[in-house]
Amino acid sequence: YDTVAYDDARDDAGFDRDSKGFRITGGIGFELSRLLTGDIFAGYISRNYDDARLEKISEPVFGAGLTWQPTQTTSIRVTADRTVEETVFLGYSGYINTTFSLQMQYE
């Protein structure tokens, strides 16, 4: 559960973009081999805006990650995730953002 409260009561177009929302997920972690592990989750995300002119956002949410550790000091991770993001575009309350990332860590 989270709350977004802006310093300004209204944006330049006169909208109150303060909001409250939640994200609930469940998932599992797994090990495919000693070198390859992962996780996967699914759930629901919702955000309500204080201004009635801004539509509520409610969507399924999902994500996953896969980590390959070819050596004791090196790991490579691929992830996917969905979130609700803020916007100030006229006529839009927010948007669902799906991100993918590739990370490499070397110790």
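Data block above holds the structure.
No experiment lies behind these values; they were computed from the predicted model shown.

It is not clear to me how the overall build of the protein chain should be interpreted in this structure. Could you clarify?
Scanning the protein chain from terminus to terminus reveals 0 helices and 6 strands. Written out in order from the N terminus, the α and β elements of the protein chain read β-β-β-β-β-β. For the protein chain, the spread of C-alpha atoms along the principal axes amounts to about 55 × 25 × 20 Å. Counting the 107 residues in the protein chain, one finds 27% classified as buried. Long-range contacts, defined here as pairs at least 24 residues apart, represent 46% of the contacts in the protein chain between residues at least 6 apart. Total accessible area on the protein chain is roughly 7500 Å²; 56% of this is exposed by carbon and sulfur atoms. Here the protein chain contributes 10 positively and 17 negatively charged side chains, and the mean placements of these two sets differ by 5 Å.

I keep staring at the sheet that holds strand β1 (residues 2–4) and nothing clicks. Help me out?
The pairing of strands in a sheet comes from backbone hydrogen bonds and takes either a parallel or an antiparallel form. Across the sheet, which stays open at both edges, the 6 strands sit in the order β1-β2-β3-β4-β5-β6 with antiparallel pairing between neighbours. Of all the strands in the sheet, the pair left with one neighbour each is β1 and β6 (94–106). Ignoring strand direction, the axes of neighbouring strands in this sheet form an average angle of 20°.

Just to check I follow, could you spell out the packing of aromatic side chains for this structure?
Within a pair of aromatic rings, the relevant descriptors are the distance that separates the centres and the angle that separates the planes. Counting across every chain of the model gives 1 aromatic pair. The interplanar angle of 40° and the centroid separation of 6.2 Å between the aromatic rings of F22 and Y44 together place this pair among those described as tilted. Within this pair, whereas F22 is found in strand β2 (residues 19–31), its partner Y44 is found in strand β3 (residues 36–49), the two being separated by 22 residues in sequence. With a relative accessible area of 36%, Y44 lands in the partly exposed category.

I would appreciate a short explanation of the pairing of β2 in the present structure.
Each regular strand displays side chains that alternate between the two surfaces of the sheet. Both β1 and β2 contribute to a ladder of 3 bridges, which runs antiparallel. Paired with D2 across the bridge in β2 is G21. One ladder, built from 13 bridges, connects β2 with β3; its direction is antiparallel. Residue T25 lies in a different strand from β3, and its bridge partner there is G43. In textbook terms, the turn of a hairpin is the stretch between consecutive antiparallel strands, and for β2 and β3 this stretch comprises 4 residues.

When you look at a nonpolar patch on the surface in this model, what are you seeing that I'm missing?
Judged by side-chain polarity, I28, F30, L32, I40, L66, V78 and L102 come together as a nonpolar surface patch covering roughly 670 Å² of accessible area. Within the secondary structure, L66 is located in strand β4 (residues 57–71).

What counts as what
- Residues numbered from 1 in each chain as written.
- Predicted model: local features only at pLDDT ≥ 70, side-chain atom pairs only at ≥ 80, totals over all residues.
- Heavy atoms only, no water.
- Helix = DSSP H or I, 4+ residues; strand = E, 2+ residues; numbered from the N terminus.
- Buried < 20%, exposed > 50% of the residue type's maximum accessible area, 1.4 Å probe, protein only.
- Contact = heavy atoms within 4.5 Å.
- Areas by Shrake-Rupley, 256 points an atom, 1.4 Å probe, with all protein chains shown as cover.
- Lys, Arg positive; Asp, Glu negative; His and termini not counted.
- Charge placed at Lys NZ, Arg CZ, Asp CG, Glu CD.
- Pairing = 2+ DSSP bridges.
- Axes fitted to C-alpha atoms, helices over the stretch in contact; angles between N-to-C directions.
- Phe/Tyr/Trp six-rings, centres within 6.5 Å; stacked < 30°, edge-to-face > 60°.
- Patch = residues over 30% accessible without salt bridge, like charges linked within 9 Å, V, L, I, M, F, W, Y side chains within 5 Å.
- Salt bridge = Lys/Arg side-chain N within 4 Å of Asp/Glu carboxyl O.

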